[in-house]
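Chain and residue survey
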Amino acid sequence: MKKKILLDLDDVICEPGYLTLINKFLNTNYTLDDFDTYYLDDIIEDEEEKIKLNHFYLKHNLYDYAKVLPNAYDIMEKLSEKYDIYICSACIPVLLKEKSGRCFVDKYNYLINNFPFLEPEKFIFTNSKNIIKADVQIDDRLSNLRNDTKIRLLFTSYHNKNISDEYLKEVGVIRVNNWLEVADILLN
Ligand SMILES: [Mg+2]
């Protein structure tokens, strides 16, 4: 039986369109290095403005602006021969839960149209990722990795750079900075 990988989409397989859209909305030129919290919206202090931004996001398909991270496609394809890949991705924007339907559709279509080797039957769309157990989990958010999964890989991203190696060691999580490092651990 193949081992199971729980694989996150946003900021692991691809960079979704949040940055492009927040720059459009604010008429700015931010790069991801300008952010150090998970929600890019945190750069806006005014709550009403934040909600307006979230409505703006929902007028777009985030994945029209997505960029696949270097080597992700090829290494995922190789991984899919050795492992069962379960895409595990959150779809509910915290500020506009009642309008989150299009996030599920856009994510689903992006995955099936761009990664033909993935099996849609193995897509899991949930914000409660930490309750699911697999053999391997890859995510950029440490809170999603708080479970009993044996091999837990934290994919380096703008918002998790400051988590120390000591702390990760303490909680049994391994940092990976790119897909080649994922391949080193899972394919060799
Ligand atoms: Mg993510």
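Analysis parameters
- Residues numbered from 1 in each chain as written.
- Predicted model: local features only at pLDDT ≥ 70, side-chain atom pairs only at ≥ 80, totals over all residues.
- Heavy atoms only, no water.
- Helix = DSSP H or I, 4+ residues; strand = E, 2+ residues; numbered from the N terminus.
- Buried < 20%, exposed > 50% of the residue type's maximum accessible area, 1.4 Å probe, protein only.
- Donors = N, O, S within 2.8 Å, 3.2 Å for Na, K, Ca; no water.
- Domains from an automatic or database assignment.
- Buried area = accessible area lost by both parts, 1.4 Å probe.
- Salt bridge = Lys/Arg side-chain N within 4 Å of Asp/Glu carboxyl O.
- Polar contact = N/O pair within 3.5 Å; in protein donor to acceptor, adjacent residues only side chain to side chain.
- Patch = residues over 30% accessible without salt bridge, like charges linked within 9 Å, V, L, I, M, F, W, Y side chains within 5 Å.
- Areas by Shrake-Rupley, 256 points an atom, 1.4 Å probe, with all protein chains shown as cover.
- Lys, Arg positive; Asp, Glu negative; His and termini not counted.
- Charge placed at Lys NZ, Arg CZ, Asp CG, Glu CD.
- Axes fitted to C-alpha atoms, helices over the stretch in contact; angles between N-to-C directions.
- Parallel < 35°, antiparallel > 145°, perpendicular 65-115°, else oblique.
- Left-handed = near helix turned anticlockwise from the far one by under 90°.
- Contact = heavy atoms within 4.5 Å.
- Nonpolar A, V, L, I, M, F, W, Y, C, P; charged D, E, K, R; others polar.

Moving on, we get to unusual backbone geometry. Its identity as a non-glycine residue notwithstanding, Asp-11 has a phi of 70 degrees, on the positive side. A positive phi angle, near 70 degrees, is found at Asn-71, a position not held by glycine. If you trace the backbone, Asn-71 turns up in the loop between strand 3 (67–68) and helix 3 (72–82). Assessed through its relative accessible area of 39%, Asn-71 is described here as partly exposed.

Bound to the magnesium ion on the protein side are Asp-8 (OD), Asp-10 (O) and Asp-140 (OD), at distances that span 2.0 to 2.3 Å. Expressed as a motif, the donor residue spacing for the magnesium ion is D-x1-D-x129-D.

A word on the domain arrangement of the chain. Looking at the assigned domains, one finds that the chain contains domain 1 (3–13 + 66–186) and domain 2 (18–63). A combined buried area of about 1,800 Å² lies between domain 1 and domain 2, and 62% of that area is made up of carbon and sulfur atoms. Linking domain 1 with domain 2 are 1 salt bridge. Lys-161 is the partner of Asp-33 in a salt bridge, and the nearest nitrogen-oxygen pair spans 3.6 Å. There are 6 residue pairs in polar contact (both at pLDDT 80 or more) connecting domain 1 and domain 2.

A cluster of basic residues, Lys-3, Lys-82, Lys-133 and Lys-150, forms a positive patch at the surface. Inspection of the secondary structure puts Lys-3 in strand 1 (residues 3–7).

On to the packing of helix 1 (residues 18–26) against helix 2 (residues 47–58), then. Following both chains from N to C, one finds helix 1 and helix 2 inclined at 120 degrees, their axes separated by 10 Å at the closest point. In terms of orientation, helix 1 and helix 2 fall into the oblique class. Viewed along their axes, helix 1 and helix 2 form a crossing whose handedness is right-handed. Here Tyr-18, Leu-21, Ile-22, Lys-24 and Phe-25 of helix 1 come into contact with helix 2, specifically with Glu-49, Lys-52, Leu-53, Phe-56 and Tyr-57. Looking at the contact of helix 1 with helix 2, its residues break down into 7 nonpolar, no polar and 3 charged.

Note that side chains of opposite charge can pair when their charged atoms are close. Under the defined criterion, the tally for this structure stands at 11 salt bridges. Between Arg-102 and Asp-106 there is a salt bridge, with its nearest N and O atoms 2.7 Å apart. Here the residue Arg-102 and the residue Asp-106 both occupy positions in helix 4 (residues 101–114), the gap between them amounting to 4 residues, near one helical turn. Judged by its relative accessible area of 31%, Arg-102 is partly exposed. Bridged by salt links that share partners, the residues Asp-8, Lys-129 and Asp-139 form one connected network.

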